[in-house]
Amino acid sequence: MDHAKDAALLDLVSTGETAAAAPPVRELADRRKVFADQVDLLFRHSPTGVLISIVVGGIATYELWGENTRDLISVWCVLMVFVGAARHILYRAYYKRRDDNFDNWLRWFAIGAFAMGAVWGFAGAVFFPAHTDAQQVFLSFLLAGMVAGGIPVYSAVWWVYAIYGIAIIAPFTYILATFGTEQFVELSVLVPMFLAVNISIAHRLSRVFADGFRLRHAYSHLGQDHSMLNTQLQDQIEELLQAQREIEASGRKLALFSERAPIAVFEVDRNGTVLEMNPSAENTFGYSSTELIGRSMIRMLIPSDEPILNSEWWKSFVRNARPEAGLKVRCRRRDAVELVCEFSLTPLVNDVGELISVITQCHDITQQLEAERLKKEFTSTLSHELRTPLTSIIGSLQLINTGMLGDLDKEVSELTIIAERNGQRLLDLINDLLDIDKIESGKLQTYPEPLSIDELVRESLLLNRAFADRFGVRMVLLGNPPPIAVFADKKRLIQIMTNLMSNASKFSPQGGTVEVQLEQVDHMARVSVMDRGSGIPPEFRSRIFGRFAQADSAVTRQKGGTGLGLAICKRLIELMGGRIGFADRAGGGTTFFFELPLMNRAAAATG
């Protein structure tokens, strides 16, 4: 086992440098911990080993002491005491410092074990030939005991025991092999074999120790994991409880909202059976909750001849499970009065896409539809009834102002001019109202035809030049526009150009210039009308193309206008397949532009 390599890998893994190539962090950490436990076990057994060696050494000294061997035994005792003291110092240093450099500690321990084995090997090599047969047997017994006794002391790391045993047996085996008798030669062969068996036993014990330490750490991890899982489980339970509280709070809010909502709210199942309903639903349809809950909403509220929300339509809705909104449906109250309600259906589905229930919202729009119908009738009737006499009044005033009926006093002439101008403004308002009413009702028709938009732009400039002169503004066509053909309604295009150019003239400073430009942008013809007015206020930009949209300023009120011109322009341009927009000009002012498809694309789209 290369423990230094494992330590390096563990350091790299901890810094994220070899996450792909190294074993998992926990596996390496456990391996290092097992190795540390093995080294620690060696040091814990070290005092026992030293003590046994000193005690057995003392006995051997007493038994082998003689006149001829006194000096050698003295040297051997000094060596024994020195090695034992060194190992004890190493033992004290290990437990005092307790650092994580276990490789070095094991290295020093192995040196100490080898030194102790070498001291005993020295005894076997030196004292065996110089003593009697009985002392030789005694010495052989001591050496065998020291080799066998090293197994429990050093087998935590088997190779430490191996070098300890080899240090004892190798010199003794050499002496046996060279002593000269046949029995000793045979013993020199058997002793290494016995040592090999002991080393094998030490190796197996070392694995047993390692497995035991590994199992202990596994139990430790199991306890930590169990504690962590308990903590996570408690956190998840708390999260679930919090989510349950939030769901209950949301449910109470939804129930409160449904109960107090001003519109009718039903919850129905996939068959259309009413599960819940709010008080507004009772007020709208005249049924109490006890009368409708458990019964079919379709059969109870929807007439059989209604094309929407009938049985077949409901089956298709349940099959698709998609929200529906803005459904205008005839309904029947409990007192047989028919209503028109606008329905919104929201299907509630589970994780596998199965429909659980449908939230149905509806509100009575009968009065709203009637009001819209009356408003349209009123607008149309009023506009037609006003336009006929107003046209006669304007014609009469124009005859008077042209002098065909004779000259008028200056004061009278000023009054008739004002009357004509205001009459024309009123007529423009009526025409705009009729146009916007036709557009919104879908009754406005356009008559597109191939035309050269460059010629139309020049014609529009001539038609609106007199209007610009009234405000002291010049109209200029930029450059020499190229011939560009479009497929559009000429009358409506002139109406759009007139609206844009009259707006630009009204809001330009006196003496200013309105610039008109025609260009081709990609596959579109773009007409731009540019002024040097005060620009469009930021708060007005989002609704500039809305009906009756006018910026709230003194200049706007002074210049007048219906607030319908840009709304009409936008709808007319869109009817002809184009788009309209505006942008600020560098240096002040605004550019209004519209784009129309070129002739080949427009014809293809129409054809």
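Nothing here was measured: the structure is a model prediction, and the numbers come from that model.

Trainee: I would appreciate a short explanation of the packing of aromatic side chains in the present structure.
Mentor: Given two aromatic rings, their pairing is described by the distance between the two centres and the angle made by the two planes. If you walk through the whole model with that rule in mind, you get 15 aromatic pairs. Ring centres of Y161 and Y164 lie 6.4 Å apart, and the angle between their planes is 45°; on these two criteria the pair is classed as tilted. Taken as a pair, Y161 and Y164 lie in helix 6 (residues 158-178) at a separation of three residues, close to a single helical turn. According to the relative accessible area criterion, Y161 is buried, its value standing at 0%. Taking relative accessible area as the criterion, Y164 reaches 2% and is therefore assigned buried. An aromatic cluster of at least three residues, connected via ring pairs, comprises F43, Y91, Y94, Y95, W105, F109, Y154, Y161 and Y164. When the ring centre of F109 is taken as origin, the NZ or CZ atom of R87, which lies over that ring, is 5.4 Å away. One Lys or Arg, R526, reaches over the ring of F593 and ends 4.3 Å from the middle of that ring.

Trainee: I tried to follow helix 6 on my own but got confused; where do I start?
Mentor: Residues separated by three or four positions in an α-helix point in the same direction, a consequence of the helix having 3.6 residues per turn. The terminal C-alpha atoms of helix 6 lie 30 Å apart, and with 21 residues this matches the ideal 30 Å at 1.5 Å per residue to within 8%. Taken as a whole, helix 6 carries its principal kink of about 25° at I169; the proline P171 stands between one and four residues after it.

Trainee: Which parts of the structure should I look at to understand the pairing of strand 11 (residues 579-584)?
Mentor: Within a regular beta strand, the side chains point alternately toward one face of the sheet and then the other, so they alternate between its two faces. As defined by bridge partners, strand 11 adjoins strand 12 (residues 590-597) across six bridges and the pair is classed as antiparallel. Its bridge partner lying in strand 12, D584 is registered against T590. Joining the antiparallel neighbours strand 11 and strand 12 is a turn of five residues, in which G587 adopts a positive phi near 90°.

Trainee: Which parts of the structure should I look at to understand the sheet that holds strand 12?
Mentor: Hydrogen bonds between backbone atoms are what pair the strands of a sheet, whose relative direction is either parallel or antiparallel. The strand order across the open sheet formed by five strands is 7-9-10-12-11, and the pairing between neighbours is mixed. Of all the strands in the sheet, just strand 7 (474-477) and strand 11 have a single pairing partner and so form its edges. Going across the sheet, the axis of each strand differs from the next one's by a mean of 20°, ignoring polarity. For strand 9 (residues 513-521) and strand 10 (residues 524-530), the ladder comprises seven bridges, and the chain directions are antiparallel. The partner of V521 across the bridge, within strand 10, is M524. Packed onto the sheet, helix 14 (residues 453-470) meets strand 7, strand 9, strand 10 and strand 12 and runs at close to 170° relative to strand 7.

Trainee: What exactly am I supposed to notice about the pattern of salt bridges here?
Mentor: Where charged atoms of side chains with opposite charge meet at close range, the side chains can pair. Within this structure, the stated rule accounts for 15 salt bridges. D335 serves as the salt-bridge partner of R333, at 3.1 Å between the closest nitrogen and oxygen. A salt bridge links R579 to E595, with the shortest nitrogen-to-oxygen separation between them at 3.2 Å. Within this pair, whereas R579 is found in strand 11, its partner E595 is found in strand 12, the two being separated by 16 residues in sequence. Judged by relative accessible area, R579 falls into the partly exposed class, the value being 42%. Residue classification places E595 among the buried residues on the basis of a relative accessible area of 6%.

Trainee: For this particular structure, what's the right way to read helix 14?
Mentor: Counted at 1.5 Å a residue, the expected span for helix 14 with its 18 residues is 26 Å, and the 26 Å between its end C-alpha atoms agrees. Where helix 14 bends most, the angle comes to about 45°, and this point is N464. Positive backbone phi, at 70°, marks G472, one or two positions downstream of helix 14.

Definitions and cut-offs
Every residue gets a number counted from 1 within its own chain, in the order that chain's sequence is written. Whole-chain, interface and lining totals are the exception, using all residues; otherwise, since this is a predicted model, local features are given only for residues with pLDDT of at least 70 and side-chain atom pairs are given and counted only at 80 or more. As a convention, hydrogens and water are excluded, and side-chain values are obtained from all of the structure's heavy atoms. Pairing of aromatic rings covers Phe, Tyr and the six-membered ring of Trp, with a centre-to-centre limit of 6.5 Å; geometry is then stacked below 30 degrees between planes, edge-to-face above 60, and tilted otherwise. Note on conventions: DSSP H or I runs of at least 4 residues are helices, E runs of at least 2 residues are strands, and numbering of each starts at the N terminus. Exposure classes here rest on a 1.4 Å probe applied to the protein chains alone. A residue is buried below 20% of its type maximum, exposed above 50%, and partly exposed in between. Counting as a charge over the ring demands two things of the Lys NZ or Arg CZ atom: a distance within 6 Å of the ring centre and an angle within 35 degrees of the ring normal. Multiply 1.5 Å by the residue count of a helix minus one, and that product is the helix's expected span. Fitting one axis to the seven residues ending at a residue and another to the seven starting there, the bend at that residue is the angle between the two axes. Any two strands between which DSSP finds at least two bridges are classified as paired. Helix axes are fitted to C-alpha atoms over the stretch in contact, other axes to C-alpha atoms as well, and angles between N-to-C directions run from 0 to 180 degrees. Residues are treated as being in contact if the distance between any of their heavy atoms lies within 4.5 Å. Within this document, salt bridges are pairs made up of a side-chain nitrogen of Lys or Arg and a carboxyl oxygen of Asp or Glu, the two lying within 4 Å of each other.

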